[in-house]
Amino acid sequence: AAGGAAGCKLVVDTLTKLVSVAHDLCAQDLPEYFEDHLAEWMNGFVELLKYSNPALAADDDDAEPAPTSVLQAAVVESLALYMSKYEEEFQPFLGPCLGHAWSLLTSTSLAPHHDLLVTTSVRFLTTVACSVHHHHFAKAEVLNEVCHKIIAPNMQLLQADEELFEDQPFEYVRKDIEGSDADTRRRVAVELVRGLCRNYEVQVTQLFSANISTLLEQYKQNPAANWKAKDVAIYLVIALTIKGGTAARGATQTNALVDLHDFFSQHVLCELQAAATGAAPHPVLIADAVKFVSVFRVQLSRAVYDTVFPLLLSLLASPNPVVHTYAASAIERLLTVRDAPTAAAPAGARRFDAAALSPLLQQLLTSLFAILQRGGSEENPYVMRAIMRVSVVAEQAMAPYVQVCVDALNTILGRVCANPTNPTFNHYLFETVASLVKYICAATPAAVNAFEQLLFPPFQTVLQMDIAEFTPYVFQVLAQLLEARDGLSDAYSQLFPPLLTPTMWERPGNVPPLVRLLCAYAAKGKALVLDKVQMVLGVFQKLLARGATDQHAARLLSALWRACELAELQQYATPIFNLCIQRAQGYKKVGPSLVSTWSVFLARYGPRALWQQLESIQPGLANMVLRGLWGEWAPFVKGGRAERKAAVIGTVRLVCELPEVLADVDTAAALLSAAASMLAADAGVGDGGGAAAAEEEEDALEVDAAGGGGGGG
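Residues numbered from 1 in each chain as written. Predicted model: local features only at pLDDT ≥ 70, side-chain atom pairs only at ≥ 80, totals over all residues. Heavy atoms only, no water.

A. The arrangement of helix 7 (residues 140–154) in detail. Spanning 15 residues, helix 7 covers 20 Å between terminal C-alpha atoms, matching the ideal 21 Å at 1.5 Å per step. Residue cysteine 147 marks the point of greatest curvature in helix 7, where the axis turns by about 30 degrees. Regarding helix 7, the residues found buried are Val142, Leu143, Val146, Cys147, Ile150, Ile151, Ala152 and Asn154. Tucked into the core, helix 7 has its buried residues touching helix 5 (87–106), helix 6 (115–129) and helix 10 (185–221). (Helix = DSSP H or I, 4+ residues; strand = E, 2+ residues; numbered from the N terminus. Expected span 1.5 Å × (residues − 1). Bend = angle between axes of the 7 residues up to and from the residue. Buried < 20%, exposed > 50% of the residue type's maximum accessible area, 1.4 Å probe, protein only. Contact = heavy atoms within 4.5 Å.)

Set out below in structure tokens:
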């Protein structure tokens, strides 16, 4: 029998590989051979779905799927491929294949070794439910069987989920919040509910409403023993209610047949209140309740926010890592919600603004920083993100807590400098510092010196140790501090020469913050910059030579135009313009960057100065450049509203103030066309440039994380 089982396993494994190869051959396009012999393949797939072999069955406590389960999962995955890509060819075989996949699914258990087969099969059903062939689910008895025999059992919290919650809480959080649980039974069951609701929303809602009521009644009779019933009920409500949503905003479209607010007030709020008063419902239910609030944050009113925020704040003290992480994440998500735009607030007023947040700040910050002192939570990215969001929303209200915050952040920075392992956490760490600098220094310029005293020691450590993950952030915050100063201090003067060394510019992640820092030097310490202007222009030349950095070259050159008189740069002007024109001849896409910096030159020194500068290089060059480069690329100027505004005004001034331009019909027409295109775009006609320029930047830093700036998130 052992030899027979081994032989069967060999055959089944071989069939699995054959099915996988067939799947891959059809993944891009349906080969003619497969199309001509599709009936044979589908008949073979049906036979494989009906196949069973007790000798190859897995034990109930096995985690790995049996060979037959792996084979049948591969078959169902192939069926899903045909359903999604070759619907017309597959349609004659859909009924039998769906029926056998359905029968196979209803015969599975909740044992871990069936997870692969179940998730694959449920995804296949979802694909069919979302297609034009959804009529296979139209009959009431079919819907009833799907809801109660397939969806409901797979919504349950499994033993493996409980163990993950208790033993690996951060993995549990990551899978749930970041959506990396796509292959879990619960997640695919939720997707099937949403797929069915596309065409049978009323029927599915009615079926599950009765189921939800039964589950809640079970929990009410014995909360301690039946807490899993309420866990399923909450997840069913979430699955039924969400019709559309995004990671940034949570649920944006909801099922009108579900009374969301009634369920919240009757069954969710009570769990949060019980947890806050120490009644201690099961930690999973607390996490479920917090998740419910976070998912439906847009639908909840400001009055609900006023009730929920103190409860979430109290949950930050929970010893359970999942609970206090969910609470921190929910607080951060709620603080991002804005009401509908109005004339007074085009971006929409924050639903829970600085005025509402201020009374809670001391307790909130204390609780969040306390989590970062707990074992296992020292680098919790959700907590640090919450701290960052609190500082962004509170703005100047953070002033009384700056010393405490910066001291705590410095302690954390000292720890992570020794071993930078969590880029997402580090990103929010520096964003928090940046937001404090941004808002506090804007309201209290005298605070700059205090910030420098607090931040310079750890920043010096970062630069001395050359911690590549952190240097972009340090340069960015130094730029913010310098922008807030009235002039240069000795520390900044000593730092300037090393910034110009070529090695500083080799890391792509350093370029954006270093350029901003050099721009700040130009604005606050022109004499120091002019003393090293050749080195600065060397940096400009290096940045201009690469398409990935030419916009930063333009930004640096624009800072020099703004800071200096033309006479101070006269000896360098012709080489600079020559370099720009040569670059444009070899790489036309540099055009928007050149128009951007030339617009600043024009605004600073006048249209006549620009004309004369171009003509001094070569007679007739001015009209050629304005017609062929400026006119073509001005509508594509990058940057924010200020850069586009400068380009529009500069374009109009060229036409209005230079008779030479008006005398050349082609040049004047090209410039007027460019100005019209820019104005139309900023008015929302065409490419929508105005809408993009009006978007508010929530986060304080502008570090290019992809270039080594410390990760995203």
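Next, the rest of the story.
B. Spotlight on unusual backbone geometry. Non-glycine residue glutamate 395 carries a positive phi angle of around 55 degrees. Within the element layout of this structure, glutamate 395 appears in the loop between helix 18 (381–394) and helix 19 (402–418). Judged by relative accessible area, glutamate 395 falls into the partly exposed class, the value being 31%. In the Ramachandran plot, aspartate 466 falls in the positive-phi region, its phi being about 50 degrees despite a non-glycine side chain. With respect to the helices, strands and loops of the structure, aspartate 466 is situated in the loop between helix 21 (447–465) and helix 22 (471–484). Looking at aspartate 466, the relative accessible area reads 40%, which means it is partly exposed.

C. Representation of empty space enclosed by the protein in the model. Counted by the stated rule, this structure contains 1 cavity of 30 Å³ or more. By volume, the largest cavity amounts to about 40 Å³. Lining the largest cavity are Leu409, Asn410, Leu413, Leu429, Phe430, Val433, Leu455 and Phe459. For the lining of the largest cavity, the elements supplying multiple residues, two or more each, are helix 19, helix 20 (423–443) and helix 21. Looking at the lining of the largest cavity residue by residue, the classes come out as 7 nonpolar, 1 polar and no charged. (1 Å grid on protein atoms, 1.4 Å probe; cavity = no way out; pocket = protein on both sides within 12 Å on 5 of 7 lines; lining within 4 Å. Points joined across faces, edges and corners; volume = space filled by probe spheres on them. Nonpolar A, V, L, I, M, F, W, Y, C, P; charged D, E, K, R; others polar.)

D. Looking closely at the packing of aromatic side chains. By the definition in use, this model includes 25 aromatic pairs. On the basis of an interplanar angle of 85 degrees and a centroid distance of 5.9 Å, the ring pair of tyrosine 33 and phenylalanine 34 is categorised as edge-to-face. Both rings, one in phenylalanine 456 and one in tyrosine 492, keep their centres 5.7 Å apart while their planes meet at 75 degrees; by these two values the pair is edge-to-face. One end of the pair, phenylalanine 456, is in helix 21; the other, tyrosine 492, is in helix 23 (residues 490–499), and 36 residues separate them in sequence. Judged by its relative accessible area of 1%, tyrosine 492 falls in the buried class. Taken together, the aromatic side chains of Trp561, Phe577, Trp598, Phe601 and Tyr605 make up a single cluster linked through ring pairs. (Phe/Tyr/Trp six-rings, centres within 6.5 Å; stacked < 30°, edge-to-face > 60°.)

E. Seen up close, the pattern of salt bridges. Here the structure, examined in full by the defined rule, presents 23 salt bridges. The salt bridge involving aspartate 339 is made with arginine 351; its shortest N-O contact spans 2.8 Å. A residue pair is termed long-range when its members are at least 10 positions apart, and aspartate 339 in the loop between helix 15 (321–334) and helix 16 (354–357) and arginine 351 in the loop between helix 15 and helix 16 qualify at 12 residues. By relative accessible area, which is 34% here, aspartate 339 ends up partly exposed. Judged by its relative accessible area of 11%, arginine 351 falls in the buried class. Salt bridges sharing common partners tie together Glu332, Arg333, Arg385 and Arg389. (Salt bridge = Lys/Arg side-chain N within 4 Å of Asp/Glu carboxyl O.)

F. Structural view of the side chain of glutamate 271. Its place among the elements puts glutamate 271 in helix 12 (residues 260–276). Setting aside anything within four residues of it in sequence, one finds glutamate 271 in contact with Tyr219, Lys230, Pro281, Leu285 and Ala289.

G. A negative patch on the surface, seen in detail. Taken together, the side chains of Asp29, Glu32, Glu35, Asp36 and Glu88 define an acidic patch exposed on the protein surface. Here the element with the most residues in the negative patch is helix 2 (residues 32–36); it accounts for 3 residues. Looking at where glutamate 35 falls in the secondary structure, it is placed in helix 2. (Patch = residues over 30% accessible without salt bridge, like charges linked within 9 Å, V, L, I, M, F, W, Y side chains within 5 Å. Areas by Shrake-Rupley, 256 points an atom, 1.4 Å probe, with all protein chains shown as cover. Lys, Arg positive; Asp, Glu negative; His and termini not counted. Charge placed at Lys NZ, Arg CZ, Asp CG, Glu CD.)

H. Looking closely at the pairing of strand 1 (residues 242–246). Bridging between strand 1 and strand 2 (residues 250–254) involves 4 bridges; their strand directions are antiparallel. Bridge assignment links isoleucine 242 to a residue of strand 2, and that residue is threonine 254. Between strand 1 and strand 2, which pair antiparallel in sequence order, lie 3 residues. (Pairing = 2+ DSSP bridges.)

I. Looking closely at the confidence of the model for the chain. The predicted model of the chain has a mean per-residue pLDDT of 89, with 95% of residues at 70 or higher. Every residue in residues 686–713 is under pLDDT 50, and counting partners more than four places away or in other chains gives 65 contacts. (pLDDT = per-residue confidence, 0-100.)

J. The arrangement of the environment of histidine 267 in detail. Mapping histidine 267 onto the fold places it in helix 12. We classify histidine 267 as partly exposed; its relative accessible area is 23%. Separated by 211 residues in the primary sequence, histidine 267 and leucine 478 have C-alpha atoms spaced 49 Å apart. For histidine 267, the contacting residues outside a window of four places in its chain are Leu216 and Lys230.

K. How the structure looks around the layout of surface pockets. Each pocket or cavity is described by its volume, and for the largest pocket that value is around 1,100 Å³. Asp176, Ile177, Glu178, Arg187 and Lys291 are the residues nearest the centre of the largest pocket, which is lined by 41 residues in total. Classifying every residue of the lining of the largest pocket by side-chain character gives 17 nonpolar, 10 polar and 14 charged.

L. Expanded view of the state of the cysteines. One pass over the structure, following the stated rule, counts 0 disulfides. Distance from the sulfur of cysteine 147, which forms no disulfide, to the nearest cysteine sulfur (cysteine 197) is 8.1 Å. (Disulfide = S-S within 2.5 Å.)

M. Structural view of helix 21. The first and last C-alpha atoms of helix 21 sit 27 Å apart over 19 residues, in line with the 27 Å expected at 1.5 Å per residue. Residue leucine 455 marks the point of greatest curvature in helix 21, where the axis turns by about 40 degrees; the proline proline 457 follows within four residues. Along helix 21, the positions that sit buried rather than exposed are Ala447, Val448, Phe451, Glu452, Leu454, Leu455, Pro458, Phe459 and Val462. Phi turns positive one or two residues past the end of helix 21, at aspartate 466, with a value near 50 degrees.

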